[in-house]
Amino acid sequence: MSRSIARTPFSLAVKQPLPALRPASRSFVSCSAPFRQSTTSKRPAIASQIQPNAFRPHRSQSRTYADQVPTPVVKKSRFRTLRWIWRLTYLSALGGLGYVGYGIYQNRMPAEQDEPDPNKKTLVVLGTGWGSVSLLKKLDTENYNVVVISPRNYFLFTPLLPSCTTGTIEHRSIMEPVRNFLRHKKAAVKFYEADATKIDAEKKIVYISDDSEIKGATSETEVPYDMLVVGVGAENATFGIPGVREHSCFLKEVGDAQKIRKRIMDCVETATFKNQSPEEIKRLLHMVVVGGGPTGVEFAGELQDFFESDLRKWIPEIAGNFHVTLVEALPNVLPSFSKQLIDYTEQTFKEETIEIRTKTTVKNVTDTYIEAEGTGPDGKKVLEKIPYGLLVWATGNAVRPVVKDLMNQIPAQKDSRRGLAVNEYLVVKGTEDIWAVGDCAVANYAPTAQVASQEGAFLARLFNQMAKTQTFEAELAQLSEDQARAPNKETRDEVFANIKEVQKRLRRVKQMGPFEYSHQGSLAYIGSEKAVADISWLTGNFATGGSLTYYFWRSAYLSMCFSTRNRVLVILDWVKAKMFGRDVSRE
């Protein structure tokens, strides 16, 4: 039969029943359609339309050992971890933008405030520095009638002030208007831009004067108080050295930074003027900084960076004469830092060609040179003249006149010299209703922004608890009257239970301890994108310096900025200075 089929034409053979070619499974049934189509078609070449696998036996009929081995599953999630990291980063960025946007919206849309209550005590706060602002931020203003008096209507982030002198950061980026956060308090706060000229501790009156260029009908007035916080800071100490106040630049306020910035470019442009003598050029381009603390060191580093990154490029003719000198009376710079960081700073300054003159005391200042007394090679004192074009005085603090006048009124302050002596609760000794914070207070701590900020926060907690104490005491007095008028024993017992509960809360409120300063560490920028950090870590200090510390310094100061607005502006200034360089224009 097979022979007859082989001789029969293919077109006829497919019409005969072929048991051997019947499909053994569904895989062959799917191939029967071409056969059915070919029987009705008149084209001779039908074999070309047949699928290649149509006549292969079913897989189950010819399974080999290789077919029995399971095929490894290829994982399509090879980059699943990276995809999840990208998604988390993307969502975090969106969340961060949303949070910042919400914060900006809240800052731009203040709510209505309660008007002052004449039955509440008047709390007067002098100054808008670190201590006063820290107090105002955390104070519940609905408990008092708060009045703020300051000659400037903004808070200044002083740690970044040296960066403003060279244009690394614009001064408005580190200024926060006081009204921006006072307007968000629950109860309204009065603010007067004026100088406190005198404090009468006996009459409880602060005398203020408006020193602005535009004066109203009333330029001097009185502000009574029930509680007073003195946070006016300190002024620059000249130590009685002749010519310091007349010829040097200080570095405490925004105006000081602007003056220094203008003076730097004045010296540079004058040095490039026609027919200047070599001696005069060297004098004009010699920048002297007196004071080896964090402020003086950071300014010296910023000034050298300004020269290396910008002035040298745009004014190349000054390259051989520009020089920075740091003068310090103590044996080394940064006395509050560890020994290894002091050595690292001095080595870095040496690499940056910044000259350090330690154990050198300034005796006299003129408009062109300073007279300094140093130690010669033989150990003897030597008096020399150091010519300069710019002199920046960054040393010590002195008591302001209004604080000195208050000290003279209080007998307990007669032995105090550096400021108002305070007790462990920051109450001015010899008074009961006057507190002092910041550089104007003597509390056995260094006069730093960190100390002042913690003092202000402590006073805010103290005042908030004092207000709660008064509330609880008034509630106890009312409950005592209710108990006396109780008609029966059950009512008296109920009132008595309330009295015990209020007394328990009152005891908890009164348990607030004295002020204790917690040192978080010290930071300083030393130029060339390097910084030093002496940070409190567990039971000891962690000292580090270098380029990585520089980025830590930036992130720390950025987090310490007053508001989101300040942080954004500072970041933009850093990016602008990195991309386009610092501005070398005179104004």
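Reading the values: the criteria
- Residues numbered from 1 in each chain as written.
- Predicted model: local features only at pLDDT ≥ 70, side-chain atom pairs only at ≥ 80, totals over all residues.
- Heavy atoms only, no water.
- UniProt positions renumbered as here; feature names shortened; annotations may be inferred.
- Helix = DSSP H or I, 4+ residues; strand = E, 2+ residues; numbered from the N terminus.
- Contact = heavy atoms within 4.5 Å.
- Areas by Shrake-Rupley, 256 points an atom, 1.4 Å probe, with all protein chains shown as cover.
- Buried < 20%, exposed > 50% of the residue type's maximum accessible area, 1.4 Å probe, protein only.
- Phe/Tyr/Trp six-rings, centres within 6.5 Å; stacked < 30°, edge-to-face > 60°.
- Lys NZ or Arg CZ within 6 Å of the ring centre and 35° of its normal.
- Pairing = 2+ DSSP bridges.
- Axes fitted to C-alpha atoms, helices over the stretch in contact; angles between N-to-C directions.
- Expected span 1.5 Å × (residues − 1).
- Arc of directions from axis to C-beta.
- Parallel < 35°, antiparallel > 145°, perpendicular 65-115°, else oblique.
- Left-handed = near helix turned anticlockwise from the far one by under 90°.
- 1 Å grid on protein atoms, 1.4 Å probe; cavity = no way out; pocket = protein on both sides within 12 Å on 5 of 7 lines; lining within 4 Å.
- Points joined across faces, edges and corners; volume = space filled by probe spheres on them.
- Nonpolar A, V, L, I, M, F, W, Y, C, P; charged D, E, K, R; others polar.

As recorded in an unreviewed UniProt entry, the protein goes by NADH:ubiquinone reductase (non-electrogenic) and comes from Myriangium duriaei CBS 260.36. Comment text from UniProt for the protein, heading Sequence similarities (unreviewed entry), reads "Belongs to the NADH dehydrogenase family."

Right, let's talk about the overall build of the protein for a bit. Counting secondary structure elements, the protein contains 19 helices and 25 strands. Taking as baseline every contact in the protein between residues at least 6 positions apart, the subset at least 24 positions apart corresponds to 64%. For the protein, the exposed surface amounts to about 34100 Å²; the carbon and sulfur share of it is 54%.

Now for the UniProt feature "transmembrane region" (unreviewed entry) in the protein. The UniProt feature table records "transmembrane region" (unreviewed entry) at residues 84-105. What you have in residues 84-105 is 100% helix and 0% strand, and the ends, taken at the C-alpha atoms, are 31 Å apart.

The subject of this paragraph is the side chain of S522. Turning to its location among the elements, S522 is positioned in strand β23 (residues 521-527). S522 sits in the buried class, given a relative accessible area of 16%. If we ignore the near neighbours within four places in the chain, the residues touching S522 are F337, V532, A533 and D534.

Two descriptors summarise a pair of aromatic rings, namely the distance from one centre to the other and the angle between the planes of the rings. The full count for this structure, using the stated rule, is 18 aromatic pairs. Relative to Y90, the ring of W86 has its centre 6.0 Å away and its plane inclined at 35°; by these criteria the two rings are tilted. Of the two residues, W86 and Y90 both sit in helix α6 (residues 80-108), four residues apart, roughly one turn of that helix. When its relative accessible area of 57% is taken as the criterion, W86 is described as exposed. By relative accessible area, Y90 is classed as partly exposed at 46%. Between W130 and F155, the aromatic rings sit 5.0 Å apart at their centres with planes inclined by 85°, giving edge-to-face as the arrangement. On the criterion of sequence distance, the pair formed by W130 in helix α7 (residues 130-138) and F155 in strand β3 (residues 154-156) is long-range, its members being 25 residues apart. Exposure remark for W130: the relative accessible area of 17% places this residue in the buried category. The class of F155 is buried, set by a relative accessible area of 4%. A connected cluster of aromatic rings, assembled from ring pairs, spans W130, F155, F157, F181, Y525, Y550, Y551, W553, Y557 and F562. The residue whose ring lies beneath R87 is W84, and the NZ or CZ to ring-centre distance is 5.2 Å. In this arrangement the basic side chain of K137 is found over the ring face of F562, its NZ or CZ atom lying 4.6 Å from the centre.

Let's shift gears to the sheet that holds strand β8 (residues 220-224). Consider a sheet: its strands pair through backbone hydrogen bonds, and that pairing is either parallel or antiparallel. Across the sheet, which stays open at both edges, the three strands sit in the order β6-β7-β8 with antiparallel pairing between neighbours. On the outer flanks of this sheet lie β6 (195-200) and β8, each paired with one strand and no other. Each strand of the sheet is rotated relative to its neighbour by a mean of 25°, with strand direction disregarded. Pairing geometry for strand β7 (residues 205-209) and β8, over five bridges, is antiparallel. Each residue of the ladder has a partner; that of V206, found in β8, is V223.

The phi dihedral of L334 is positive, around 45°, even though this residue is not glycine. Note on placement: L334 falls in the loop between β13 (323-327) and α14 (339-351). Phi at E529 takes a positive value of approximately 55°, unusual for a residue other than glycine. Inspection of the secondary structure puts E529 in the loop between β23 and β24 (530-537). Taking the relative accessible area as the measure of exposure, E529 reaches 30% and is therefore partly exposed.

Now for the sheet that holds strand β1 (residues 122-126). A sheet is described by the order of its strands in space; here five strands give the open sequence β5-β2-β1-β9-β21, paired in parallel fashion. Strands at the two margins of the open sheet, each flanked by one partner only, are β5 (190-193) and β21 (434-436). Strand-to-strand twist of the sheet, defined as the mean angle between neighbouring strand axes without regard to direction, takes the value 15°. Pairing between strand β9 (residues 227-230) and β21: three bridges, direction parallel. If you follow L228 over to β21, its bridge partner there is I434. The sheet contacts of α7 involve β1, β2 (145-150) and β9, and relative to β1 the element is tilted by about 145°.

Our next topic: helix α19 (residues 564-580). Residue pairs three or four apart in sequence face the same way in an α-helix, which turns once every 3.6 residues. Relative to the 24 Å expected for 17 residues at 1.5 Å per residue, α19 spans 24 Å between its end C-alpha atoms, a close match to the ideal helical length. Those residues of α19 lying buried are N566, V570, D573, W574 and A577. Angularly, the buried residues of α19 cover 95° about the axis, an arc narrow enough to put them on a single face. For α19, the exposed residues set more than 90 degrees away from the buried face come down to L572, M579 and F580. Of the residues trailing α19, G581 is marked for its positive phi of about 85°.

With that settled, consider the packing of helix α11 (residues 254-271) against helix α13 (residues 294-314). Look at α11 against α13: their axes get within 13 Å of each other, and the N-to-C directions meet at 45°. Between α11 and α13, the angle falls in the class oblique. With respect to the hand of their crossing, α11 and α13 are arranged in right-handed fashion. Counted together, I260, I264, M265 and V268 of α11 and F299, L303, F306 and L311 of α13 form the full contact between these two elements.

So, about empty space enclosed by the protein. Overall, the coordinates contain one cavity of 30 Å³ or more when judged by the stated rule. The wall of the largest cavity is formed by T166, R261, M265, F306, D583 and S585. Here the residues of the lining of the largest cavity are counted per class, giving two nonpolar, two polar and two charged.

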